[in-house]
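Commentary on secondary and tertiary structure
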Amino acid sequence: MSLRETTRTHPQRQARAVRLGPRSLTALALVSAVGVAGFTWPFLAPPTSQLSAHAQDAPWLFAGLLVLLVAVVAAAISESGLGPKAVAMLGVLAATGAALRPIGAGTAGIEPMFFLMVLSGRVLGPGFGFTLGSVTMFASALLTGGVGPWLPFQMLAMGWFAMGAGLLPGPDRLRGRAELAMLAGYGFLAAFAYGTVMNMAGWPFMSALASNVAFDPHAPVAANLARFVAYCVATSLGWDLGRAVVTVVLTLTLGPAVLRALRRATRRAAFETPVTFEASRQ
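To start, this report covers the structure provided alongside it.

What counts and what doesn't
Residues numbered from 1 in each chain as written. Predicted model: local features only at pLDDT ≥ 70, side-chain atom pairs only at ≥ 80, totals over all residues. Heavy atoms only, no water. Helix = DSSP H or I, 4+ residues; strand = E, 2+ residues; numbered from the N terminus. Buried < 20%, exposed > 50% of the residue type's maximum accessible area, 1.4 Å probe, protein only. Contact = heavy atoms within 4.5 Å. Salt bridge = Lys/Arg side-chain N within 4 Å of Asp/Glu carboxyl O. Lys, Arg positive; Asp, Glu negative; His and termini not counted. Polar contact = N/O pair within 3.5 Å; in protein donor to acceptor, adjacent residues only side chain to side chain. Core = buried A, V, L, I, M, F, W, Y, C linked by side-chain atoms within 4.5 Å.

Turning our attention to the environment of leucine 116. Tracing the backbone through its elements, the reader meets leucine 116 in helix H6 (residues 113-144). By relative accessible area, leucine 116 is classed as buried at 6%. Excluding anything up to four places from it in sequence, leucine 116 contacts Leu93, Thr96, Gly97, Leu100 and Val258.

So this is what it looks like as structure tokens:
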């Protein structure tokens, strides 16, 4: 059997730049739980709660908590094996994603950074994907001046977006058109999910007197859910659809070349190969 046939029969296991250990998984679960609470509190807090009474203060509270928890997750992931080669790749991909984001600024749905997050998370795994998504969003906010109480929500949502691509099945065996179709389908659905999650971050702070689709702290959950759906349809459906379509188109057209480049760079980096030093011979 030739080397090529052996490789096809027994595909090489894809290396991962970040391995999620028990501490990293715990920290990631913690930040995700706080993030879910930060996004969905309007549907969880009863109308008589003090949180509803201080709705205008809530984004700053959750922003502070999310910043701290994202820092904890980043530290835990780095302790689990984010070596210098992984840091270098993280920097290159985050800089590329941050540079791609302003291309579509002001144009509905033209956001090419999302397809890069999908492909990077797919090749480098969920741990690297979460780190990359958060760092890229932070870097792009500095680049575009988009720093505010919404930034931690964007970082967390983009981290989930890229991490989800790393959790898709068949990372070591699925290749070709089937893989591209799966990544395009994930990108399409996740682009809508990202927009919906970010709507949750801003929707509760609209004045209920300004619109009949705004959050009403005195309304029951079912009524607020109907208001939220109407808000998404009225304000962001077109933008989310554009983002999803652009992600699919770029994944299908540029995906094969980008996947090959990422996998080649990952093999050459050999993230999981321990560094050894040999004594010099006299």
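Here leucine 250 lies in helix H10 (residues 237-269). With 66 residues separating them in the primary sequence, leucine 250 and alanine 184 have C-alpha atoms 8.7 Å apart. Apart from the residues lying within four places of it in its own chain, the contact partners of leucine 250 are Pro112, Phe115 and Gly255.

Here we take up the pattern of salt bridges. If the charged atoms of two oppositely charged side chains come close together, the side chains can form a pair. Following the criterion strictly, the structure yields four salt bridges and no others. Of the charged contacts in the structure, one is a salt bridge between glutamate 111 and arginine 243, with a shortest N-O distance of 2.7 Å. Here glutamate 111 is found in the loop between helix H5 (84-100) and H6, whereas its partner arginine 243 is found in helix H10, with 132 residues between them in sequence. Measuring nitrogen to oxygen at the nearest pair gives 2.8 Å for the salt bridge that ties aspartate 240 to arginine 243.

With respect to the secondary-structure elements, arginine 101 resides in the loop between H5 and H6. Buried charge without a salt bridge: arginine 101, with glutamate 111 as the nearest opposite-charge side chain at an N-O distance of 5.1 Å. A distance of 3.0 Å separates polar atoms of two side chains, one belonging to arginine 101 and the other to serine 140. In this structure, arginine 101 is in contact with Met113, Met137, Ser140, Ala141, Thr144 and Gln154, ignoring residues within four places of it in sequence.

Attention now moves to the nonpolar core. Residues Phe39, Leu93, Met158, Phe161 and Tyr194 are the most contacted members of the largest nonpolar core, which totals 55 residues. Those elements that place two or more of their residues in this core are helix H2 (22-44), H5, H6, helix H7 (151-166), helix H8 (177-202), helix H9 (221-235) and H10. In terms of residue count, the dominant contributor to this core is H6 (14 residues). Discounting residues that sit within four places of it in the chain, phenylalanine 39 has contacts with Phe153, Leu156, Trp160, Val197, Met198, Met200 and Ala201.

Any functional reading would require information that these geometric values do not contain.
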